[in-house]
Amino acid sequence: MGYSHRFNSISLGQGQGPIAKAMIEKAQLEGGWVCLQNCHLAVSWLPTLEKLIEGFDLTNTDLSFRLWLTSYPSDKFPQSVLQVGVKMTNEPPTGLQHNLNRSYLSEPLKEPEFFEGCPGKDKAFSKLLYGISFFHAVVQERKKFGPLGWNIQYGFNDSDFHISVMQLQMFLNQYEEIQYVAIKYLTGECNYGGRVTDDWDRRLIVTILDNYVNANVVNDPNNLFCDLGPQYGLPRRCEYQDYLKHIESVPVNPPPEVYGLHMNAGITRDYSISMALTTSLVLVEGAAGGGEGGNTEVILTQMATEILSKLPESFDIETAQQKYPVDYNESMNTVLIQEMQRFNKLLNEIRTSLIDLQKAVKGVIVMSPALDLQSNSMLLGKIPDNWSKVSYPSLKPLPSYVADFIDRLAMLEDWNQNGKPPTFWLSGFFFTQAFLTGSVQNYARAKKIPIDLLIFDFEVLRVDYEHTPPEFGVYVQGLFVDGARWDRDKYAIGEQFPKILNDNMPAVWLFPKLKKEFLEGTRYKCPLYKTLERKGVLATTGHSSNFVLAFYLPSDKPSAHWIKRSVALILQLDN
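Everything numeric in this text was worked out from a predicted model, so none of it was measured.

**Student:** Explain the UniProt feature "domain: Dynein heavy chain AAA lid" (unreviewed entry) in the chain here, please?
**Tutor:** Mapped onto this structure's residue numbering, the UniProt feature "domain: Dynein heavy chain AAA lid" (unreviewed entry) falls at residues 125-265. As annotated, residues 125-265 has a helix share of 52% and a strand share of 0%, and its two end C-alpha atoms lie 33 Å apart.

What follows is the structure, given as structure tokens:
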């Protein structure tokens, strides 16, 4: 077309804004083409770009001028630019078969020079190439399953795949033996793993890759990536056309087991999609459009009155401190007082905001923007933002949240009146880590051992509640299993029953032990999260703020099986 000499591109980032502006202004006059890449990385410069585009007209812009912008989805991207431009999206195709097809029908795989680029090792190369292609499709498709797929939704894309297969070819050509460890490290830890910020997701992606890059893939002609059928294996012949034909036998939407998940994960996926659709419909309709029409004020008053009637008095911190003073040998006293202070703050916020809302509905005070947002959330059955800011994390709807909150207050009041319970309701704590640290601290001080030499060990009990406290450590209850169930006959993790998504755990004994004496054995290292969402803000520990502790649970299957199932313990459900 003759535009190659007039085409300029730049990748936006720190300090690139003025260069991009000069490039656009020059192309405007000369009729050139400009491509600005990665606009999402230059959020602070986007208002300048918006003004530039708003200034385009026939008097200052050549008719041949074109401006191309590339960006990841970003809520900071100017809407006016989107409205005046032609928009194209480039997303990975949905479905396992479509994902595999896309990999094989795009560069570099479709090029004969690349596909046949390992003379003498062409069979091994083609098999591992298919393995990495299958892996690429699986990591993309797992995103549909929400937290069961990945704790955080990562933007795995074609560039990760391309660099991985090029490195595969390079390793096969440069070394006599196939370097499985190096290939898996670069693909799992660097290329794909470079995007992964959650430690548990990193463990998962490396475990998934083990299934697709190993000696069996190359040496065993009957090797299957999934035991459901031969369509999840490799073709008998290793020509390019044979792989394309084999891909046609792969279902577009296979069962969740193909991705390493339990079949119940399909219910979780469909439920999440339905809830997202329902939430969007509610937002479109608006809070005032449903139910009893103009009676929203009456409903709000009734809701506020009902919640206020259930709330107990705030904890008397001074009296509690006299009863449970700071004690070197009993850290739980400090834990109780701190928990009371945190719950008092939340209790005061809920009580004050509900009283203000009642007054605003009656017209006694002005309905502020904050109260308006609170009323909208309450009408939709959601936890208001002003409560969430001072609350423990929760995904429950408003009625369940209030009931759960009152149960937590009752637990602390019972502790305050009757002393430490023999079995603690772990889900009832505002800041769970403080309670766990207090337990280890008690043991460390009693035995005169530095606390950093200790670690928790775990024993799952055969009862749901123990009425006699342990000599050391703590009994805890109230945990749920997500992605599996606790088999009370085998005394180990077991597969879920159909259509039962979460299972109750029996009481668990957490007892401190010296790190050097701790043995993991064949147990599964199971993360404990506060909510089913699993993701949170990345804390300084390298873990998500939603993460509490890693439990070690007995298992009669390899840990890799439960890792791919994304099995975790949860403190509270979302219902």
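**Student:** In this structure, what is going on with the pattern of salt bridges? I would like to understand it.
**Tutor:** Once the charged atoms of two side chains with opposite charge are near each other, the side chains can pair. Following the criterion strictly, the structure yields 20 salt bridges and no others. Among the salt bridges present, the one from Arg202 reaches Glu189, with a minimum N-O distance of 3.1 Å. Linking Arg202 in helix α9 (residues 199-210) with Glu189 in helix α8 (residues 180-191), this pair joins segments that are 13 residues apart in sequence. The class of Arg202 is partly exposed, set by a relative accessible area of 26%. For Arg342, the salt bridge goes to Glu339, with nearest N and O atoms at 3.2 Å. Residue Arg342 and its partner Glu339 are located together in helix α15 (residues 332-362), separated by 3 residues, close to a single helical turn. Take Glu339: its relative accessible area is 0%, and that puts it in the buried class. Members of the salt-bridge network, linked through shared partners, are Asp457, Lys513 and Arg523.

**Student:** Sorry if this is basic, but what is going on with unusual backbone geometry here?
**Tutor:** In most cases, non-glycine residues show a negative phi, while peptide bonds are predominantly trans. The linkage connecting Glu107 with the following residue, Pro108, adopts the cis geometry, with an omega of 0°. Along the chain, the position of Pro108 falls in the loop between α4 (96-104) and α5 (112-115). Although it is not a glycine, Lys448 adopts a positive phi angle of roughly 55°. Along the chain, Lys448 falls in the loop between α19 (432-447) and β5 (454-460). Phi is positive for Lys499, which is not a glycine, with a value near 70°. If you trace the backbone, Lys499 turns up in the loop between β9 (492-494) and β10 (502-504).

**Student:** Is there a simple way to explain the environment of Tyr212 in this structure?
**Tutor:** Looking at where Tyr212 falls in the secondary structure, it is placed in the loop between α9 and α10 (215-219). Overall, Tyr212 belongs to the buried group, its relative accessible area being 3%. When the C-alpha atoms of Tyr212 and Ala550 are compared, they prove to be 27 Å apart, with 338 residues separating the residues in sequence. Sequence-distant contacts of Tyr212, that is, excluding residues within four places in its chain, are made with Leu128, Gly131, Phe134, Phe135, Val138, Val217, Phe225 and Val258.

Cut-offs and rules
- Residues numbered from 1 in each chain as written.
- Predicted model: local features only at pLDDT ≥ 70, side-chain atom pairs only at ≥ 80, totals over all residues.
- Heavy atoms only, no water.
- UniProt positions renumbered as here; feature names shortened; annotations may be inferred.
- Helix = DSSP H or I, 4+ residues; strand = E, 2+ residues; numbered from the N terminus.
- Salt bridge = Lys/Arg side-chain N within 4 Å of Asp/Glu carboxyl O.
- Buried < 20%, exposed > 50% of the residue type's maximum accessible area, 1.4 Å probe, protein only.
- Contact = heavy atoms within 4.5 Å.

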